[in-house]
Amino acid sequence: MQATEKFLYGLTFKGDLVVRNADNLSEVVKTKANAAKADATCMAVSEATNTVWLGDKTGAVTVLDAETLEPVELPAALTTHQGAASVMAASAGGALIALGDAKGFVNVFDAATKTLKVYFARNKSKIYDITFNEDSSWVQCVSQDKILSMSNVENRDDRRVLQSKYHFIFLIHFIFQF
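Attention in this report is confined to the structure presented alongside it.

Cut-offs and rules
- Residues numbered from 1 in each chain as written.
- Predicted model: local features only at pLDDT ≥ 70, side-chain atom pairs only at ≥ 80, totals over all residues.
- Heavy atoms only, no water.
- Helix = DSSP H or I, 4+ residues; strand = E, 2+ residues; numbered from the N terminus.
- Buried < 20%, exposed > 50% of the residue type's maximum accessible area, 1.4 Å probe, protein only.
- Lys, Arg positive; Asp, Glu negative; His and termini not counted.
- Salt bridge = Lys/Arg side-chain N within 4 Å of Asp/Glu carboxyl O.
- Polar contact = N/O pair within 3.5 Å; in protein donor to acceptor, adjacent residues only side chain to side chain.
- Contact = heavy atoms within 4.5 Å.
- Pairing = 2+ DSSP bridges.
- Axes fitted to C-alpha atoms, helices over the stretch in contact; angles between N-to-C directions.
- Phe/Tyr/Trp six-rings, centres within 6.5 Å; stacked < 30°, edge-to-face > 60°.
- Lys NZ or Arg CZ within 6 Å of the ring centre and 35° of its normal.

Considering unusual backbone geometry
Peptide bonds are mostly trans, and most non-glycine residues show a negative phi.
Then, number 1: Positive phi is not limited to glycine here, since Asn 50 has a value of about 55°.
Then, number 2: Relative to the elements of secondary structure, Asn 50 occurs in the loop between strand S5 (40-46) and strand S6 (51-56).
Then, number 3: Looking at Asn 50, the relative accessible area reads 32%, which means it is partly exposed.
Then, number 4: Even without being a glycine, Lys 114 presents a positive backbone phi close to 60°.
Then, number 5: Locating Lys 114 in the fold gives a position in the loop between strand S10 (106-110) and strand S11 (115-120).
Then, number 6: A relative accessible area of 10% places Lys 114 in the buried class.

Listed below in structure tokens is the structure:
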């Protein structure tokens, strides 16, 4: 699920996109059946471009207009590097979209141009959670292989990797403070 000031966006198990009123969650504002090319597995909302980004089980990315839920024309096909899309996140304000896949790769897209900005191959298995820091200069992710990685969006060689015997799942939103 992703929330904006006005709406709550969610995916059903069938891959349908459901948009609810943030002030009254029982009110469904709009729906889009089979929103992605294949079964949607993750999503992110870019408030900067007023778009909804969907990743699917084939690794393809679909971008929808948030108002109409109709597909937006892309300059080129957007995909993961390998495997199914597992998680997506938007940066603060939505200028960047990060996409993690089932093989440990992370792609960062520019939401305005809808092009790949940078990719990282820091992890070795499925990305479980992903987030940006406050100024969107770093992307952090945690994967099934218990690796927590932080990568600089502007300088892909600048990175920090930590491996642990414990799972970091869902903790990165709380500990990612620069």
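What follows continues from the structure just given.
Focus on the side chain of Lys 30
Then, number 1: Here Lys 30 shows up in strand S4 (residues 24-32).
Then, number 2: In this structure Lys 30 is buried but unpaired, with Glu 67 as the nearest side chain of opposite charge at 4.3 Å.
Then, number 3: Polar contacts involving the side chain of Lys 30 include one to the main-chain carbonyl oxygen of Ala 66, which spans 3.2 Å.
Then, number 4: In this structure, Lys 30 is in contact with Leu 17, Val 18, Val 19, Ala 66, Glu 67 and Leu 69, ignoring residues within four places of it in sequence.

A closer look at the sheet that holds strand S7 (residues 61-65)
Then, number 1: Overall, antiparallel pairing links the three strands, which are arranged S5-S6-S7 in an open sheet. With partners counted over all chains shown, the strands left at the sheet margins are S5 and S7, one partner each. Adjacent strand axes in the sheet meet at a mean angle of 20°, parallel and antiparallel pairs treated alike.
Then, number 2: Bridge analysis of S6 against S7 gives five bridges, and the strand direction is antiparallel. Along S7, the bridge assignment pairs Leu 54 with Thr 62.

What about the packing of aromatic side chains?
Then, number 1: Per the stated rule, a full pass over the model turns up two aromatic pairs.
Then, number 2: Judged by centre distance (6.2 Å) and plane angle (70°), the ring pair of Phe 7 and Tyr 9 falls under edge-to-face. Grouping residues by exposure puts Phe 7 and Tyr 9 together as buried.
Then, number 3: Looking at Lys 30, its charged tip hangs above the ring of Phe 7, at a distance of 5.4 Å from the centre.

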